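Survey of secondary and tertiary structure
Chain by chain, the residues run as shown.
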Amino acid sequence: VNFLSFSLSSVFWGENSLARRERHIIIMFGFCPVCFSSEAALNATTIASVRGGDTGGGGKSGISILIVGAGRLGTWLAVKFAKNQKDAGGEMREENAKVFLKGSGRRKRVGGDKTRDIVAKLVEEHEISHIESYEDERFQKVMREKKKGKEEFRFDYVFVTVKTYAFDKVVEEMTRANIPTPKIAVMLHNGIVEPIFKGLGDGYVPCVIPQSYDFVDASDGKGERFTIKVKNEEKPWAMPNTDEAKRVHALLTSIGANSQPDEDFEYTLLRKYFINCVANLLSIVGDCNCDGLLDTKDLRTRMDVLYHEMYAALQPSHKEGFKKMPKNFYDVVFSGLRTYGAHFPSTKLDFDAGALLEIDSLNGYVCVRGRENGTPCLEHEKLIQEVQQLVKQRDDKMMKK
C-alpha cells in the first residue's frame, strides 16, 4: 500500500475545519527540510491520532516535528516525507508545510566525510532544505510564526536519530536555542540509555528498529546519485503500547513507514539488544559483515560467550522482558542476526567512516549491569578494549594522511 499518496489538502485546509492553516513539519536531523502537502485523502482519524484526538479548527496551529540527527536513518526518514509531498502533487508545499533537517554543524572529518557528501546529494535530488544550526533564519522564521499568540511553543514530536554518545549535545543545543521539551520524544537508537528528556512519562517513546539502512550508489559507481537500501523493511518499528506511541504510529503510517505499538516492548527491545551486542563491535574486530560473523568459527565462538555473559548480567535488571523470552531465545537471537546477511552492522559502518562509536549504550551497558549484579563480563570488557585500540590506530592513520 502506498501510504505516501494520501491527501492532506482536504484534511489540512479543506473539510474538517482545518481551513488553510500552515502546517510545519520540522525534521531536524542533519541536513534537510522537506515540505509536506498532498492531494488525495487522509483519514481524519489518522490526523486525530497524530494530533492527540483533535481534528477540528479551534485556532490550533499545525503539527510540528523536529528530527535531530543526519545519518542514514534520519536521511531515509526525510526522503520519505519528501516523496510523500512529490507523489501527492504538492503544489502548495513551500507555502503550507516546511521540513528542516538539523545537521551537526561540525567540520568535515580529516580525510573527508563521505556520509555528509552523500546526504548532500540526496538533499539536492529530493529538494530537501537543510540547516546546520538552530540560528538559521529559515528555522527562526518558523519558530516566530509558531510562537505567535502563545506563551510557549513546544514541538508536537521530536525524533532523535543521533548516536547515543551525542545525546548530551542534543539537549545542550536545544536548551541554548530556547527550544522547550517536546510533547512527544521519539528515540531511534541502538542500545539502552536513560531518558534524555525528563518529565515526559509516556511521552518518551523509545523504538526498536529491526531495519538496517545503507547508502547505495545508483549511478554505476560514479558517485553522482544515491539511494537508501533498507534491510528487513517489511518488519515494523516496535514501540510501547501507549496512547502517545499510537500517535507516533499514526504519523509514521501516514508517510508509509511501518511501525507497531507492542505490548511486549521490553522483550522486543532486549531481543534487538542481544543481536547488537553479539555483533556490532565484534564486526569491527573481525572486519566482516553479519554472515561473516556467523560463518567464522572463532568469531562464532566469541559470540556465544558474549551471549551467555549478557544473559546473566541483564536478567536481574530486566525481569519483565526476560519473563517473555521463549525457551529457544538463543536461537531467536542468532537466526535474527542471520537475516541481516551481507549487511555490515551500523557500528562497523561508523568505524569505517571514521566516526565516533556507540559503546557505552551497547556492550558498555552490559559491563555496568554485570558489575552491579556480581556477574563479571570479561569477554565484553575485552572486546571493548580491542575496539578502542582499533579506533586509536584508525585515527592515528587518518591524522598522518
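Residues numbered from 1 in each chain as written. Predicted model: local features only at pLDDT ≥ 70, side-chain atom pairs only at ≥ 80, totals over all residues. Heavy atoms only, no water.

**Concerning the overall build of the protein chain**
We count it as follows: Secondary structure elements are defined from DSSP: runs of H or I of at least 4 residues count as helices, runs of E of at least 2 residues count as strands, and each element is numbered from the N terminus. A simple rule labels every residue: compare its accessible area, found with a 1.4 Å probe on the protein chains alone, to the largest value its type can have, and call it buried under 20%, exposed over 50%, or partly exposed in between. Any two residues having at least one pair of non-hydrogen atoms within 4.5 Å are treated as being in contact. Methods summary: accessible areas were calculated by the Shrake-Rupley approach with a probe of 1.4 Å, and residue burial reflects only the protein chains presented.
Each helix and strand in the protein chain was counted, giving 16 helices and 10 strands. For the protein chain, the proportion of its 401 residues judged to be buried stands at 53%. Look at the contacts in the protein chain between residues 6 or more apart in sequence, and 77% of them connect residues 24 or more apart. For the protein chain, the computed accessible surface area is about 18200 Å², with 48% contributed by carbon and sulfur atoms.

**Concerning the sheet that holds strand β3 (residues 130-131)**
What counts here: At least two DSSP bridges between two strands are required for those strands to pair.
Strand order in this open sheet of 6 strands is β3-β2-β1-β4-β5-β6, and the pairing throughout is parallel. Strands with a single pairing partner mark the edges of an open sheet, and in this sheet they are β3 and β6 (204-207). Strand direction decides the pairing type here: strand β4 (residues 157-160) and strand β5 (residues 184-188), joined by 4 bridges, are parallel. What sits directly across from Tyr157, in β5, is Ile184.

**Brief notes about the confidence of the model for the protein chain**
Test applied: As a per-residue measure, pLDDT reflects the predictor's confidence and takes values from 0 up to 100.
A residue-level look at the protein chain finds 79% of positions with pLDDT of 70 or above and a mean pLDDT of 81. Contacts of residues 53-61 to residues separated by more than four positions or lying in other chains number 24 contacts, the stretch itself having pLDDT below 50. Predicted confidence is poor over residues 89-96, with pLDDT under 50, and the contacts of this stretch with residues over four places away or in other chains come to 16 contacts.

**Considerations on helix α13 (residues 329-338)**
Think of an α-helix as turning once every 3.6 residues; residues three or four places apart then point the same way. Note the threshold: To be clear, the arc concerns the directions from the helix axis to the C-beta atoms.
Buried residues of α13: Phe329, Val333, Phe334, Gly336 and Leu337, and no others. Within α13, the buried residues cover an arc of 155 degrees as seen down the axis, which keeps them to one side. Considering only its buried residues, α13 is in contact with α9 (265-286), α10 (290-295) and α11 (297-314).

**A short note on the pairing of strand β9 (residues 237-240)**
For the record, the criterion: A clockwise path from the first strand over the helix to the second, with the strands pointing away from the viewer, defines a right-handed crossover.
Sheet topology note: the β9/strand β10 (residues 259-262) ladder contains 4 bridges and is parallel. By the bridge assignment, Ala238 is partnered in β10 with Gln260. Regarding topology, helix α8 (residues 243-254) serves as the crossover connection from β9 to the parallel β10, and that connection is right-handed.

**Details of the packing of α11 against helix α15 (residues 363-373)**
Where we set the bar: Here an angle of 0 to 180 degrees is reported between the N-to-C directions of two axes, which are lines fitted to C-alpha atoms, with helices fitted over the stretch in contact. Oblique is the label for every angle not falling under 35 degrees (roughly parallel), over 145 degrees (roughly antiparallel), or within 65 to 115 degrees (roughly perpendicular). Note on convention: the crossing is left-handed when the near helix lies turned anticlockwise from the far helix by less than a right angle, right-handed when the turn is clockwise. Under the scheme applied, nonpolar residues are Ala, Val, Leu, Ile, Met, Phe, Trp, Tyr, Cys and Pro; charged residues are Asp, Glu, Lys and Arg; polar residues are all the others, including Gly.
With their axes 8 Å apart at the nearest point, α11 and α15 run at an angle of 55 degrees to one another. In terms of orientation, α11 lies oblique with respect to α15. The element α11 and its partner α15 pack so that their crossing is left-handed. Within the contact between the two elements, α11 uses Leu306, Met310, Ala313 and Leu314 and α15 uses Asn363, Tyr365, Val366, Arg369, Gly370 and Asn373. A breakdown of the residues in the contact of α11 with α15 according to their chemical character gives 6 nonpolar, 3 polar and 1 charged.

**With respect to the environment of Leu306**
As for its position among the elements, Leu306 is in helix α11. Judged by its relative accessible area of 1%, Leu306 falls in the buried class. Measuring from C-alpha to C-alpha, the distance between Leu306 and Cys277 comes to 7.6 Å, with 29 residues separating the pair along the chain. When neighbours within four sequence positions are excluded, Leu306 is seen to be in contact with Cys277, Val278, Leu282, Asn363, Glu379, His380 and Leu383.

**Thoughts on the side chain of His189**
Assignment of secondary structure puts His189 in the loop between β5 and β6. Beyond its immediate chain neighbours, meaning those up to four positions away, His189 contacts Val162, Thr164, Phe167, Cys207 and Glu358.

**A closer look at the packing of aromatic side chains**
We count it as follows: To pair, rings of Phe, Tyr and Trp, with the six-membered ring standing in for Trp, must have centres within 6.5 Å; the planes then decide the type, stacked if under 30 degrees apart, edge-to-face if over 60, and tilted in the middle.
Per the counting criterion, the structure on display carries 16 aromatic pairs. Considering the side-chain rings of Phe153 and Phe155, the 5.0 Å spacing of their centres and the 65 degrees angle between planes classify their relative orientation as edge-to-face. Assigned by exposure class, Phe153 and Phe155 land together as buried. Here Tyr307 and Tyr330 contribute two aromatic rings whose centre-to-centre distance is 5.1 Å and whose plane-to-plane angle is 90 degrees, an arrangement assigned as edge-to-face. Taken together, the positions of Tyr307 in helix α11 and Tyr330 in helix α13 put the pair 23 residues apart, joining distant regions of the chain.

**Structural notes on the nonpolar core**
Burial of nonpolar side chains together is a common tendency in soluble globular proteins. What counts here: As used here, the term nonpolar core means buried Ala, Val, Leu, Ile, Met, Phe, Trp, Tyr and Cys residues forming a set that is joined through side-chain atoms within 4.5 Å.
Formed by 42 residues in total, the largest nonpolar core has its most connected members in Tyr273, Phe274 and Val278. Of all elements in the fold, only α9, α10, α11, α13, α15 and α16 (378-400) reach the threshold of two or more residues within this core. The greatest single-element share of this core, amounting to 11 residues, is contributed by α9. Not counting the four nearest positions on each side in its chain, Tyr273 is found in contact with Gly191, Ile192, Met310, Leu314, Ser361, Leu362, Asn363, Tyr365 and Val366. Among the nonpolar cores identified, the runner-up in size contains 37 residues, and Leu77, Val123, Ile209 and Trp237 belong to it.

**Considering the pairing of β4**
Judged by which residues are buried, β4 turns out to be covered on both faces: Tyr157 and Phe159 on one side and Val158 and Val160 on the other are all buried. Viewed along the sheet, the connection from β4 through helix α7 (residues 167-176) into β5 turns out right-handed.

**Focus on the packing of α9 against α13**
Taken N-terminus to C-terminus, the directions of α9 and α13 make an angle of 60 degrees; their axes are 9 Å apart at the nearest point. Handedness of the α9/α13 crossing: right-handed. Mapping the contact onto sequence places Tyr267, Leu270, Arg271, Phe274, Ile275, Val278 and Ala279 in α9 and Phe329, Val332, Val333, Phe334, Gly336 and Leu337 in α13. Class assignment for the residues of the contact of α9 with α13 results in 11 nonpolar, 1 polar and 1 charged.

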